Amino acid sequence: ISLKILPRLAKEGFFSPLSNGSFFEFHRKLADLAGLPHGVGLSVAVMAQVNIAGFVLKKSVDAGDKFSEKILKEIILGEKVASLGVSEKNWNGRMSGLKSAIELKYDRYILNADKSFLTNGFNSDYFLIVVKDISDGMYRVVCVNRDTEGLELEKFSLPFAIEATHVRLKCKNLEISKSQILAFDYKRYA
């Protein structure tokens, strides 16, 4: 999603399901949007923003996470974009196949990730990265700001949905704070 169109989409109510708006109305609007020029790509982008990244942030807010609350508010207002990265090479659609992980070492969390598909990734302000927590075996979501040093992004496009920009994301031995780990077990909602 282009940052230029976000406020207009917010004004039209596309992000309202994230603040208890109607999902039925949201999907009706998506269907209408898909019929416009460039509408398929925009619909894919908006769907990923609400049903995927937004859903994860909402679950984290419901679990009491204040960091997620700030980001979710920015999305609802059409100010920021978040994208979620789960898929990895050879993961075979199974959480147990994920290699991306966080590990607590000497009071610091270290993130290693290699994600192959983040919808809206090229224009994202926040990357929500699903990882295995080595310390307890749970699957967590880590939020990393776009401007974090050490992130490698590779843009690619789907020809039918170029408006929904995509990236591959990699990072190695990236130090993150505990506050960047969202407050719920992702596996319960995957």
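Residues numbered from 1 in each chain as written. Predicted model: local features only at pLDDT ≥ 70, side-chain atom pairs only at ≥ 80, totals over all residues. Heavy atoms only, no water.

## Description of the nonpolar core
- Core analysis: the biggest nonpolar cluster contains 34 residues, and Val46, Leu128, Val141 and Tyr186 have the highest contact counts within it.
- Broken down by secondary-structure element, the contributors of at least two residues to this core are helix 1 (6-11), helix 2 (23-34), helix 3 (39-62), helix 4 (66-76), strand 1 (82-85), strand 4 (126-133) and strand 5 (139-145).
- Of all the elements, helix 3 adds the most residues to this core, at six residues.
- Apart from the residues lying within four places of it in its own chain, the contact partners of Val141 are Val56, Leu84, Leu128, Ile129, Val130, Gln180, Ile181, Leu182, Phe184 and Tyr186.
- If you look at the next biggest cluster of nonpolar residues, it comprises 17 residues, including Ala113, Leu169, Cys171 and Ile181. (Core = buried A, V, L, I, M, F, W, Y, C linked by side-chain atoms within 4.5 Å. Buried < 20%, exposed > 50% of the residue type's maximum accessible area, 1.4 Å probe, protein only. Helix = DSSP H or I, 4+ residues; strand = E, 2+ residues; numbered from the N terminus. Contact = heavy atoms within 4.5 Å.)

## Brief notes about the packing of helix 2 against helix 3
- The geometry of helix 2 relative to helix 3 is characterised by a closest axis approach of 7 Å and an angle of 155 degrees between their N-to-C directions. Taken together, helix 2 and helix 3 sit at an angle that is classed as roughly antiparallel. On the side of helix 2, the interface is formed by Phe23, Phe26, His27, Leu30, Leu33 and Ala34, while helix 3 contributes Gly39, Val40, Leu42, Ser43, Val46, Met47, Val50 and Asn51.
- Partitioned by chemical class, the residues of the contact of helix 2 with helix 3 number 10 nonpolar, four polar and no charged. (Axes fitted to C-alpha atoms, helices over the stretch in contact; angles between N-to-C directions. Parallel < 35°, antiparallel > 145°, perpendicular 65-115°, else oblique. Nonpolar A, V, L, I, M, F, W, Y, C, P; charged D, E, K, R; others polar.)

## Section: the packing of aromatic side chains
- Scanning the entire structure with this criterion turns up two aromatic pairs.
- Between the aromatic rings of Phe117 and Phe156, the centroid separation amounts to 5.6 Å while the plane-to-plane angle is 55 degrees, which identifies the pairing as tilted. Here Phe117, found in strand 3 (residues 108-119), pairs with Phe156, found in strand 6 (residues 152-156); they are 39 residues apart in sequence, far enough to count as distant.
- Residue class for Phe156 comes out buried when judged on its relative accessible area of 15%.
- The ring of Phe122 carries the charged tip of Arg146 above its face, separated from the ring centre by 5.7 Å. (Phe/Tyr/Trp six-rings, centres within 6.5 Å; stacked < 30°, edge-to-face > 60°. Lys NZ or Arg CZ within 6 Å of the ring centre and 35° of its normal.)

## So, the packing of helix 3 against helix 4
- Between helix 3 and helix 4, whose axes approach to 8 Å, the crossing angle comes to 145 degrees. Considering how the two elements wind past one another, helix 3 and helix 4 form a crossing that is left-handed. Along the contact surface, helix 3 presents Gln49, Gly54, Leu57, Lys58, Ser60 and Val61, while helix 4 presents Ser68, Glu69, Ile71, Leu72 and Ile75.
- Its residues placed into classes, the contact of helix 3 with helix 4 shows five nonpolar, four polar and two charged. (Left-handed = near helix turned anticlockwise from the far one by under 90°.)

## Considerations on unusual backbone geometry
- Phi is positive for Asn20, close to 70 degrees, though the residue is something other than glycine.
- Although it is not a glycine, Tyr106 sits at a positive phi angle of roughly 50 degrees.
- Looking at the secondary structure, you find Tyr106 in the loop between strand 2 (101-105) and strand 3.
- Assessed through its relative accessible area of 77%, Tyr106 is described here as exposed.

## Quick notes on the layout of surface pockets
- Volume-wise, the largest pocket comes out at about 230 Å³.
- Looking at the lining of the largest pocket, the elements with two or more residues in it are helix 1, helix 2 and helix 3.
- Split by residue class, the lining of the largest pocket holds seven nonpolar, one polar and four charged.
- The wall of the second largest pocket is formed by Val44, Met47, Ala48, Ile52, Ala53, Leu84, Gly85, Val86, Ser87, Trp91, Phe117 and Thr119.
- Mapped onto the lining of the second largest pocket, the elements with two or more residues apiece are helix 3, strand 1 and strand 3.
- Broken down by element, the residue count for the lining of the second largest pocket peaks at five residues, all from helix 3.
- Looking at the lining of the second largest pocket, its residues break down into nine nonpolar, three polar and no charged. (1 Å grid on protein atoms, 1.4 Å probe; cavity = no way out; pocket = protein on both sides within 12 Å on 5 of 7 lines; lining within 4 Å. Points joined across faces, edges and corners; volume = space filled by probe spheres on them.)

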